[in-house]
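# Results of the structural survey
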Amino acid sequence: MTPLADPSRFHALLRDATRRRIIEMLGEQERVGFKEFRDGLKVGVGTLYYHLDILSDFIIQDKNRKYMLNERGRLLYQALKEGTMPPALKLDRIYQGGVLRWLFLSPIFSRMNSSAKYLPLSALILVLGAVGAGLARLDPLLLFYIPTTRNFELIAASFLFYWMGAFFLVDLLAYLLYRRMGDDVHLFVCMGVAALPLATYPYMHMILSLTVPPTVVTHVLRSVLLVLQIWSLILLTSAFSYSKGLRLERAIILGLSLLYANIALLIMLGNLTVTG
């Protein structure tokens, strides 16, 4: 075996305490099953899949589908055991305090393993968005809002309908593309939280319409909506990553698929025109 040339370059793997514990459990016990990991780590199915996926270059499965360290994994465990990884662990503190983690709401999503207790919060956010859209007379099409004359009840129902449709679509895509099943409650809860920026937009729309000069109000509203759309898409990507146990690059594909489906729906309903 050759020593790791530069252990500090593996900080992205070991900056997370759960991943460090996975390596330690495998190093100490040699073979560990999925259920044993769940019982020992106290994390959700999607979260565990996520960390195992991140560590895929260092672990393998035997014929009984138990996890074990490969040669690179044993080197990593040895380096961790001997305490030769301090640069990696110092970077952990910098990363965890960074703005990027809060932009993705990673500290919140990572604590939603006990999904059921967060269901009221998720439902409250969706109801907030539905009521706001109805009051502002804005027809919701997931990431977009269209001015409408429809009544309050239909608008509110549309808001909930499109977000539920997005939930089922992403759940289906996660299975078709990555064979990820289960943790549906976790997905629903995370998506509800990810809807928060767009759920607040109708209220901003009503306030800005009354306070901003008419000559610039349209430009201001479009700018605000664009910022909230981008942030919601970022949060949705993070939600898919945590709830379905996917690497960020895979979760981005789900986020973009949802965006493309949303745009296609706008075109089909005649709310978006494409010019050549």
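Just so it is clear, the model here is predicted, and its values are computed rather than measured.

Let us now look at the confidence of the model for the protein. On average, the protein scores 83 in pLDDT, and the residues at 70 or more come to 84%. Low pLDDT, under 50, characterises residues 5-9; the predicted model gives this stretch four contacts beyond four residues in sequence or across chains. Across residues 86-97, confidence stays below pLDDT 50; counting only partners more than four residues off in sequence or on other chains, it has 12 contacts.

The next subject is the nonpolar core. Grouped burial of nonpolar side chains is what soluble globular proteins tend to show. Trp163 and Phe240 are the most contacted members of the largest nonpolar core, which has 50 residues in total. Those elements that provide at least two residues to this core are helix 9 (119-136), helix 10 (152-178), helix 11 (184-194), helix 12 (196-211), helix 13 (214-244) and helix 14 (248-268). Ignoring any residue separated from it by four or fewer positions in sequence, one finds Trp163 in contact with Leu126, Leu142, Met191, Ala195, Leu198 and Leu236. Membership of the second largest hydrophobic core comes to 18 residues, among which are Ile22, Ile23, Ile59 and Leu69.

What follows concerns the environment of Phe34. Mapped onto the elements, Phe34 comes out in helix 3 (residues 34-41). Judged by its relative accessible area of 21%, Phe34 is partly exposed. Those residues in contact with Phe34 that lie beyond four places of it in its chain are Val45, Leu48, Tyr49, Leu52 and Tyr67.

Side chains Leu138 and Pro140 project from strand 3 (residues 138-141) onto one buried face, and the interleaved Asp139 and Leu141 project onto a second face that is buried too. Alignment of strand 3 against strand 4 (residues 144-147), held across four bridges, turns out to be antiparallel. Paired with Asp139 across the bridge in strand 4 is Ile146. The loop that links strand 3 with its antiparallel partner strand 4 comprises two residues; one of these, Leu142, has a positive phi angle of about 65 degrees.

The next subject is the side chain of Thr148. With respect to the helices, strands and loops of the structure, Thr148 is situated in the loop between strand 4 and helix 10. Note on Thr148: relative accessible area 19%, which makes it buried. Within the structure, the side chain of Thr148 is placed 3.1 Å from the backbone nitrogen of Arg150, a separation counted as a polar contact. The residues touching Thr148, leaving out its near neighbours within four places in the chain, are Arg137, Leu138, Asp139 and Ile155.

Once that is clear, we can look at the layout of surface pockets. Roughly 370 Å³ of volume is contained in the second largest pocket. Looking at the lining of the second largest pocket, the elements with two or more residues in it are strand 4, helix 12 and helix 13. If you tally residues by element for the lining of the second largest pocket, the top one is helix 13, at six residues. Residues belonging to the lining of the second largest pocket are distributed by class as follows: 11 nonpolar, four polar and one charged.

The next subject is the environment of Phe104. Relative to the helices and strands, Phe104 resides in the loop between helix 7 (99-103) and helix 8 (106-109). With relative accessibility at 19%, the residue Phe104 sits in the buried group. Excluding its chain neighbours within four sequence positions, the residues that come into contact with Phe104 are Phe109, Ile234, Leu235, Ser238 and Leu248.

How each quantity is defined
Residues numbered from 1 in each chain as written. Predicted model: local features only at pLDDT ≥ 70, side-chain atom pairs only at ≥ 80, totals over all residues. Heavy atoms only, no water. pLDDT = per-residue confidence, 0-100. Contact = heavy atoms within 4.5 Å. Core = buried A, V, L, I, M, F, W, Y, C linked by side-chain atoms within 4.5 Å. Buried < 20%, exposed > 50% of the residue type's maximum accessible area, 1.4 Å probe, protein only. Helix = DSSP H or I, 4+ residues; strand = E, 2+ residues; numbered from the N terminus. Pairing = 2+ DSSP bridges. Polar contact = N/O pair within 3.5 Å; in protein donor to acceptor, adjacent residues only side chain to side chain. 1 Å grid on protein atoms, 1.4 Å probe; cavity = no way out; pocket = protein on both sides within 12 Å on 5 of 7 lines; lining within 4 Å. Points joined across faces, edges and corners; volume = space filled by probe spheres on them. Nonpolar A, V, L, I, M, F, W, Y, C, P; charged D, E, K, R; others polar.

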